[in-house]
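Next come the chains, spelled out residue by residue.
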Amino acid sequence: MKRILFSLLMVLLAVPTFAQVDKDHDFKAAKNMEIFNAIYKNLDLMYVDTLDAEVVVGNGINAMLRSLDPYTTYYPEQKMKELKNLLTGKYAGVGAVIRYNFQLQRVCISEPYENMPAAEVGLKKGDIILSIDDEDMTNKEVSYVSDHLRGDPGSSFMLKVKRPSTGKTMKVKVTRRTIQLPFLPYYGMLEGNIGYINFNSFTEQSAKEVRRAFIDLRKQGAKSFVFDLRNNGGGSVTEAVSIINMFLPKGKTVLEMKGKLQRSNHVYKTTVEPIDSVMPMVVLVNENSASASEIMSGSLQDYDRAVILGTRTYGKGLVQTTMDLPYNGQVKLTTAKYFIPSGRCVQALNYKHDKGGYVEHVPDSLTKVFYTAGGREVRDGGGVKPDVEVKPDSLPNIAFYLAGARDSNEVMLNYEVDYIAKHPTIAPAKEFSLTDADYDEFKTRVLKANFQYDRETEKYLKDLEKLAKFEGYYDDAKAEFEALKKKLSHNVAKDLDYNKDYIKHLLENDIVSAYYFQRGAIQNSMRYDKQIKEAVKMLNSPSEYEKILHPVKK
């Protein structure tokens, strides 16, 4: 009885404390809102120039939201289309990737999407955009050109382009359509009766397409399966849960959302019987696999349903909700964290709001241990750590600059455009490759163009030289520094030979996409993909696969 009375007393003593905290919070909020209003009124009344209220107040709102986290964003009425595009993956336009050509200082077509207006009117890689509805696009940025290519579905415009391979100028009428970004650009069979799905985004209706693709692959004889979530930034939670449900039994909890308000809390469970709950599966992930991709890969890992292979995922465990605002605006704000079946949250960054706000990366040493259904150890924070880490080949510095880094002379793009012009057709995507003679021609063009780029070794050597001078060691080591400079001198021909395979693959991939679009580029690149090769190797070794998912307990 005494214990009960003591507990009641403690609760009653706590109530005034909580009430005081709420009262202090309300007072601070009201005080600062009043200060903000007073500052703006004085600015509007006395500032030397006339203020644009939407710009000034809008900047204040955006600064406030930026102090919280990068996902809480204000969308005024004029930016509602942008929000809709983000949520649905759809926009009305021509269906093409555009890029800035640094050599010509013009925006050009980089990659038309298959069966979309740009491809249907004959636009090709490298076409230079001259004007849109007679408005000159000279010296315009990519964002400006993109805004003018987009518009209402069904609306038309005149597009004037120049094809560099022929020098001809063309004028075409383009009718905008609702563009659905390709969320499932390719699926097919790999060696050893392995099905493969490349999945880009969890957008509306994507679960139905994944289901259809999986069933088709099974009909083609798939006995195991690779699901590629690399570079998939997420999307719809409901679509993610529907896809997970294809591989897990009915009634399994796959996601729990927890927020400040009760209405932000939600538990997602599988609701129907799966298509296949036993087929061996490898899920590929990388540092750009985020949000819904982490829900899927993390859930399948927690239930020991699939081997996760690749590199650690992005680490986004925050949930956003859109709310209506006055004057037809909306705010997308973070309202909850999500937790996958083992109980862990994969959020990698803590956004601290005290002392002016700062970002804190959760170190591995502070992460907590959780367990999969079979008792394997997993951790929270820092994304989903793969069961098998396989790092991709790193991009050589020379390849980065050849592919169109700032101030590039666009020698790679020019070679690809000329190659496409000379070859009306090429071999099937899976088989296409450049010959050694083709690469030698490319190499000759690079050298003739006097191509230059920043070498990382030279940068580090210069930094080391500065540090040695600062600390007084340079004079004693001057001879060694001079010898290193000679050995590390800029030799583009040597670098082109040393990185031949990688650069050749980049060229092949870009060229294939001009003929077979994104699906073809994926097929072509799979021949050299280390992570896919490791996934195939694992699925062709059932004992190795089982050893990872069901290790022998000591």
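Parameters at a glance
- Residues numbered from 1 in each chain as written.
- Predicted model: local features only at pLDDT ≥ 70, side-chain atom pairs only at ≥ 80, totals over all residues.
- Heavy atoms only, no water.
- Helix = DSSP H or I, 4+ residues; strand = E, 2+ residues; numbered from the N terminus.
- Contact = heavy atoms within 4.5 Å.
- Pairing = 2+ DSSP bridges.
- Buried < 20%, exposed > 50% of the residue type's maximum accessible area, 1.4 Å probe, protein only.
- Polar contact = N/O pair within 3.5 Å; in protein donor to acceptor, adjacent residues only side chain to side chain.
- pLDDT = per-residue confidence, 0-100.
- Phe/Tyr/Trp six-rings, centres within 6.5 Å; stacked < 30°, edge-to-face > 60°.
- Lys NZ or Arg CZ within 6 Å of the ring centre and 35° of its normal.

**Thoughts on the environment of Ala429**
Residue position: Ala429 is located in the loop between helix H10 (411–422) and helix H11 (436–448). When the C-alpha atoms of Ala429 and Asp497 are compared, they prove to be 25 Å apart, with 68 residues separating the residues in sequence. Not counting chain neighbours up to four residues away, the residues in contact with Ala429 comprise Val512, Tyr516, Gly520, Gln523 and Asn524.

**Remarks on the sheet that holds strand S15 (residues 281–285)**
Pairing is mixed across the open sheet formed by 6 strands, whose spatial order is S10-S11-S12-S15-S16-S23. Looking along the sheet, the strands with just one partner apiece sit at the ends: strand S10 (186–190) and strand S23 (388–389). Pairing between S15 and strand S16 (residues 307–310): 4 bridges, direction parallel. Looking at the pairing, Val282 lines up with Val307 of S16.

**Quick word on unusual backbone geometry**
Look at Asn115: it is not a glycine, yet its phi comes out positive at around 60°. Residue Asn115 is classed as exposed on the basis of its relative accessible area, which comes to 55%. Its identity is not glycine, yet Asp133 carries a phi of approximately 50°, on the positive side. By secondary structure assignment, the location of Asp133 is in the loop between strand S5 (128–132) and strand S6 (135–136). Using a relative accessible area of 45% as the deciding quantity, one classes Asp133 as partly exposed.

**Overview of the pairing of strand S18 (residues 329–339)**
Pairing of strand S1 (residues 73–75) with S18, which is carried by 3 bridges, proceeds in the antiparallel orientation. From the neighbouring strand, Tyr75 faces S18, where its bridge partner is Gln330. Here strand S13 (residues 253–259) pairs with S18 via 4 bridges, running antiparallel. Of the residues in S18, the one forming a bridge with Gly259 is Ala336. Taken together, the 8 bridges between strand S17 (residues 318–325) and S18 define a ladder with antiparallel strand orientation. Paired with Gln320 across the strands is Thr334, a residue of S18.

**A short note on the pairing of strand S14 (residues 266–269)**
Relative to S14, S13 is paired through 4 bridges, and the arrangement is antiparallel. For Leu255, the partnering residue across the bridge sits in S14 and is Tyr268. Here S13 folds back onto S14 in antiparallel fashion, the turn holding 6 residues.

**Details of the side chain of Gln301**
With respect to the element layout, Gln301 can be found in helix H8 (residues 292–302). Since its relative accessible area comes to 1%, Gln301 is described here as buried. For Gln301, the side chain forms a polar contact with the main-chain oxygen of Lys385, separated by 3.0 Å. In this view, Gln301 contacts Ala306, Ile308, Arg344, Thr372, Arg376, Val378, Val384, Lys385, Pro386 and Asp387; residues no more than four positions away in its chain are not counted.

**Focus on the confidence of the model for the protein**
Close inspection of predicted coordinates is inappropriate in any region flagged by low pLDDT. Looking at the protein as a whole, its pLDDT mean stands at 89, while 92% of the residues score no less than 70. A low-confidence stretch, residues 4–13 (pLDDT under 50), is modelled with 0 contacts involving residues beyond four sequence positions or located in other chains.

**Points about the packing of aromatic side chains**
Scanning the entire structure with this criterion turns up 13 aromatic pairs. Relative to Tyr401, the ring of Phe400 lies with its centre 5.3 Å away and its plane at 90°, an arrangement referred to as edge-to-face. When its relative accessible area of 43% is taken as the criterion, Phe400 is described as partly exposed. A cation over a ring is seen here: Arg150 above Tyr91, with NZ or CZ 4.0 Å from the ring centre.

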